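Residue-level structural notes
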Amino acid sequence: MKHTLLAYCLLIVASLQAQTGNQSGRITVGINEGWNFSKDVTLSLSKGSPGNATASEKPTWQPVSFPHTWNAADVMDDEPGYYRGNGWYKKKLAINNSWKSKKVYLYFEGANQETEVTINGKKAGEHIGGYTAFYIPISELLQYDGKDNLNEIEIRVNNRHNENIPPLTADFTFYGGVYRDCWLVAVDDAHITLDDHGAPGIYITTPHVSAEKAAVNISGTITNEAASDRKLQVTTSIKDKEGKSISEVSTTVTIKKNSEAPFKQEIKNISRPQLWSPEQPYLYTVTTIITDTKTGIATDQLTQPLGFRWFSFDADKGFFLNGQPYKLVGSSRHQDYAHRGNAVPDELAAHDVQLLKQMGGNFLRIAHYPQDPTILQTCDKLGILTSVEIPVVNEITESDTFYRNCMYMQKEMIRQNFNHPSIIIWCYMNEVLLRPHFNNDKPRQEIYFNNVAKLAKTLDSITRVEDPSRYTMLVNHGDFNRYKTVGLTDIPMLVGWNLYSGWYGGSLTDFPAFLERHHKELPTKPLLVTEYGADADPRIRSMHPVKFDKSVEYTTAFHQYYLTEMLKRPFVAGAMLWNLADFNSETREETMPHINNKGLLMWDRTPKDPYYYYQAILRKDPFVKITSGYWKIRSGIADSNARACYQPVQVATNLDAVELFINGTSAGVKKTENGLATWNIPFVNGANSLVVESTKQGKKYTDQLTVDFQLQPYQLNDKQLPFNTLNILLGADRYYIDQQRQQMWLPDQPYRSGSWGYIGGKPFKVAGNGRLPYGTDKNIVGTDDDPVYQTQQTGIEQYRLDVPPGNYEITLHFAELLGGTVKGLPYNLSGDTRKEEEVQRSFDVLVNNTPVLENFNIGRQYGIAKAISKKIKVSATGQQGITITFKAITGEPVLNALQIRKL
């Protein structure tokens with residue numbers, strides 16, 4: 001697949017670079033390499049260092065290549081915030097003497113978010129907005145009189161907060177930099193216009209498509225920058241997948257000097273076209289060649305994709321593609337990647353779409369902004385239907401400049417991506433009432449809401465004029481009354497809802513009730529569920545999953561429930577889960593700070609369990625997979641009557657029944673229920689081999705997994721199963737996997753004679769927070785293992801471990817969880833900023849009656865939410881075991897986690 005996609009992309013590039021024998025035509029050259037970057041300098045293009053950028057007399061430059069962001073690292077550190085200010089790039093570039101007669105442009109696929117370019121010390125142009133492409137004309141500033149024709153390019157990019165540029169706030173990170181590819185484009189003075197919102201300049205529509213015939217309209221604008229009038233021939237040909245020409249049309253255009261002229265062409269009768277669909281994404285190409293009629297020389301050439309399809313939405317029956325009912329099921333995508341930020345190479349971007357296709361998905365919501373051109377190219381190629389949107393997220397600024405920027409971005413997005421057959425929907429707002437202004441001034445808030453609605457109407461009208469062939473959509477969060485009252489549900493052709501019942505608030509059963517309400521109260525508006533999901537920290541597992549415990553088990557059950565409810569309702573046209581992969585949101589804290597864990601894939605694109613569930617439901621080919629592939633390290637307490645610990649194993653499959661074997665012994669055949677089958681398996685100490693098998697039409701399908709299980713003895717003095725190590729989370733009802741140290745942490749238990757456990761106290765819970773089942777959602781500073789410290793036993797009196805005689809090392813883990821201000825975040829639907837009163841807490845800790853910590857005050861000595869570990873060596877003699885005693889001086893003693901290791 002990778003090679004065929006590359007060939008497709010090369011075809012497009014080759015068409016851009018096509019030249020006649022005398023080197024006329026368009027030339028496109030990548031200039032990603034050889035740049036120098038600095039945050040410390042004020043160049044000639046700048047009058048200062050706005051934001052938090054720092055000027056310096058001797059700037060430090062570092063070599064970089066595009067794509068590049070300066071925020072790849074600082075968005076993941078423990079210090080709140082990340083660099084938002086100026087970044088400078090510079091490079092000396094040799095320009096061919098043969099380009100003297102050409103018009104030369106810099107083409108940026110994306111730079112976030114204010115960009116200014118100078119050539120040889122003179123300003124060439126600027127661009128506002130971080131997610132759309134743009135051209136900068138540079139011909140008049142180039143020098144050709146030097147020995148090497150070296151020209152210095154300087155680029156300043158600024159990702160500061162600007163109240164006039166969307167997005168203003170969002171649950172994603174606003175990385176700075178030239179984070180997509182950069183190109184030099186040289187064209188003849190008669191060329192397809194490059195001054196059209198960064199668009200290709202050619203627009204292709206299919207006013208009529210059926211299985212029997214199709215029609216194609218081609219339009220565009222030709223620019224003549226010559227000093228004389230030009231008579232040009234515009235020839236457009238359509239070729240099939242094999243490169244065979246199936247139709248051609250020519251038009252003659254006379255253009256006066258230094259002016260431009262539009263052209264329109266029609267190809268009316270294409271017989272029995274191959275239709276484009278997710279199952280058969282057949283692509284044609286449309287090539288437009290501009291030829292000087294006097295010389296016969298081709299001056300420009302451009303190739304665009306073409307797919308024949310027709311579609312519609314119905315408020316009762318859902319979506320139809322090529323005349324057939326078609327349920328849209330897929331995901332949204334953010335563009336960043338582990339250790340790279342948003343500076344992602346084309347190959348990795350394309351791989352995301354391939355992963356969606358392998359999941360069985362047929363739709364990608366490109367959210368919350370236009371993304372790298374590779375994404376839509378790959379969707380065209382693989383057959384993924386799409387929507388695209390501009391980043392008007394959470395709120396607006398009531399200013400003419402903000403409105404103009406929104407309108408310009410909407411036009412950029414539409415015109416740049418107009419020719420992609422995968423696109424069926426244009427969007428322009430996401431959850432725009434999530435954080436309303438003027439909550440304490442209702443008359444003023446009503447004005448604000450009216451201005452939001454006015455902007456929505458303007459953007460919707462622009463979209464319908466720019467592209468009448470596609471649908472418009474506005475995406476709302478789950479406050480039905482507010483969006484309906486403000487009038488935002490009346491404006492678009494489609495209404496999208498981002499719904500999280502059973503996660504941020506409410507219960508799972510609120511979800512189908514919401515769907516039915518929409519269908520009843522908005523009977524003429526087609527409905528798409530544009531977001532739904534729950535965080536799954538891949539390191540957290542639970543035998544008793546509950547809302548917001550961040551366990552993979554809860555998230556899998558969440559998706560199973562939601563998808564089932566949507567599939568059985570024809571009026572739900574589409575289901576776009578949130579999100580394809582985990583992504584960075586610097587302001588987030590929780591169990592994995594700075595990461596939104598709602599992805600079906602981890603940040604590095606490793607699949608989680610729910611990804612396999614979707615494969616079981618959506619794929620047509622036989623599929624079977626042990627879902628717990630990341631849970632290869634397990635631990636648990638042996639059953640009192642056996643040398644084994646029973647824990648669940650889940651298999652995702654679209655086969656009717658599957659059989660599971662553990663260590664060569666059958667655990668039985670299970671009938672598949674809604675894509676899943678679950679066994680309670682006896683794991684023994686050491687390596688456990690799991691094999692699942694099923695047969696369909698005489699062919700066997702299998703999957704296998706080896707689990708390393710550390711079996712904890714039911715009684716710690718069990719001589720047949722000697723005690724070695726134990727890692728315990730206090731105040732938690734979940735397991736934690738530490739892959740780096742190959743450790744498994746177990747949830748705590750009350751003390752049991754002959755075993756281990758706490759005496760006294762209760763699990764920590766944030767007062768007044770109905771969302772968290774236990775623990776805190778604060779970022780714990782000084783560790784990447786936040787779940788180890790985010791729960792605790794409060795008011796603990798003792799911890800007893802009835803270990804056999806020997807020498808041991810125990811590690812006590814502490815963090816003060818109360819105190820300070822927890823900022824309300826844009827994504828938090830159930831609460832605002834909370835201020836926690838700092839507690840006065842000090843206590844003594846004794847191990848086997850020997851004081852090891854005296855007057856221990858975590859907050860005063862170390863601060864709030866900081867990871868503290870205390871290692872202690874102790875000898876246990878006779879039947880003594882180990883007893884850790886906590887004596888309160890002020891407030892209540894606490895313990896967050898405990899480790900013990902036999903030396």
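1. Considerations on the nonpolar core
Grouped together as the largest cluster of nonpolar side chains are 121 residues, with contacts concentrated most on M429, L488 and Y532. Looking at this core, the element that brings in the most residues is helix α5 (residues 442-466), giving 7 residues. Discounting chain neighbours no more than four positions away, the residues touching L488 are V432, L433, V452, A453, A456, L474 and Y483. Counting residues in hydrophobic clusters, the runner-up holds 37 residues, among them I633, L730, I810 and F843.

2. Quick look at the confidence of the model for the protein chain
Averaged over every residue, the pLDDT of the protein chain is 93; residues scoring 70 or more account for 94%. Low confidence marks residues 1-23, where pLDDT is under 50. Its contacts with residues over four positions away, or in another chain, come to 39 contacts. Counting interchain partners and residues more than four positions distant, the pLDDT-below-50 stretch residues 43-56 has 42 contacts.

3. As for the packing of aromatic side chains
For the structure on display, the rule yields 44 aromatic pairs. Relative to Y448, the ring of F438 lies with its centre 6.2 Å away and its plane at 70 degrees, an arrangement referred to as edge-to-face. Of the two residues, F438 is situated in the loop between β25 (423-430) and α5 and Y448 in helix α5; the sequence distance between them amounts to 10 residues. By relative accessible area, which is 32% here, F438 ends up partly exposed. Taken together through their ring pairs, the aromatic side chains of Y500, W503, Y504, F511, Y532, F548, Y554, F558, Y561 and Y562 make up a single cluster. Positioned above the aromatic ring of Y83 is the side chain of K39, whose terminal nitrogen or guanidinium carbon lies 4.5 Å from the ring centre. In this structure, R771 is placed above the aromatic ring of F548, and the distance from its NZ or CZ to the ring centre is 4.3 Å.

4. Side note on the packing of helix α4 (residues 400-417) against α5
Put simply, α4 and α5 touch, their axes get as near as 10 Å, and they point 25 degrees apart. The angle between α4 and α5 places the two elements in the roughly parallel class. When the axes of α4 and α5 are compared, the crossing they make is right-handed. When α4 is examined against α5, the residues F402, Y403, C406, M407, Q410, K411, I414 and R415 are found in contact with a partner set consisting of N451, L455, T458, L459, I462, T463 and E466.

5. A look at empty space enclosed by the protein
Tallied over the full model, the rule gives 5 cavities of 30 Å³ or more. Residue lining of the second largest cavity: 14 residues in total, with F548, T591, R734, L772 and T776 positioned closest to the centre.

6. Side note on the side chain of N779
Tracing the sequence through the fold places N779 in the loop between β45 (762-763) and α10 (786-789). Overall, N779 belongs to the buried group, its relative accessible area being 11%. At 3.4 Å, the side chain of N779 and the side chain of D78 are in polar contact. Residue contacts for N779: discarding those within four places in its chain leaves D78, E589, P593, H594, D786 and A865.

7. Looking at the pairing of strand β42 (residues 735-738)
Residues Y735 and I737 point to one face of β42 and Y736 and D738 to the other, with burial holding for every one of them. As judged from the 2 bridges shared by strand β29 (residues 540-541) and β42, these two strands associate in the antiparallel manner. From the neighbouring strand, I540 faces β42, where its bridge partner is Y736. Both β42 and strand β43 (residues 743-747) contribute to a ladder of 3 bridges, which runs antiparallel. Residue pairing in the sheet places I737 in a bridge with M744 of β43. Between β42 and β43, which follow one another and run antiparallel, lie 4 residues, and Q742 among them has a positive phi close to 55 degrees.

The rules we used
- Residues numbered from 1 in each chain as written.
- Predicted model: local features only at pLDDT ≥ 70, side-chain atom pairs only at ≥ 80, totals over all residues.
- Heavy atoms only, no water.
- Core = buried A, V, L, I, M, F, W, Y, C linked by side-chain atoms within 4.5 Å.
- Buried < 20%, exposed > 50% of the residue type's maximum accessible area, 1.4 Å probe, protein only.
- Helix = DSSP H or I, 4+ residues; strand = E, 2+ residues; numbered from the N terminus.
- Contact = heavy atoms within 4.5 Å.
- pLDDT = per-residue confidence, 0-100.
- Phe/Tyr/Trp six-rings, centres within 6.5 Å; stacked < 30°, edge-to-face > 60°.
- Lys NZ or Arg CZ within 6 Å of the ring centre and 35° of its normal.
- Axes fitted to C-alpha atoms, helices over the stretch in contact; angles between N-to-C directions.
- Parallel < 35°, antiparallel > 145°, perpendicular 65-115°, else oblique.
- Left-handed = near helix turned anticlockwise from the far one by under 90°.
- 1 Å grid on protein atoms, 1.4 Å probe; cavity = no way out; pocket = protein on both sides within 12 Å on 5 of 7 lines; lining within 4 Å.
- Points joined across faces, edges and corners; volume = space filled by probe spheres on them.
- Polar contact = N/O pair within 3.5 Å; in protein donor to acceptor, adjacent residues only side chain to side chain.
- Pairing = 2+ DSSP bridges.

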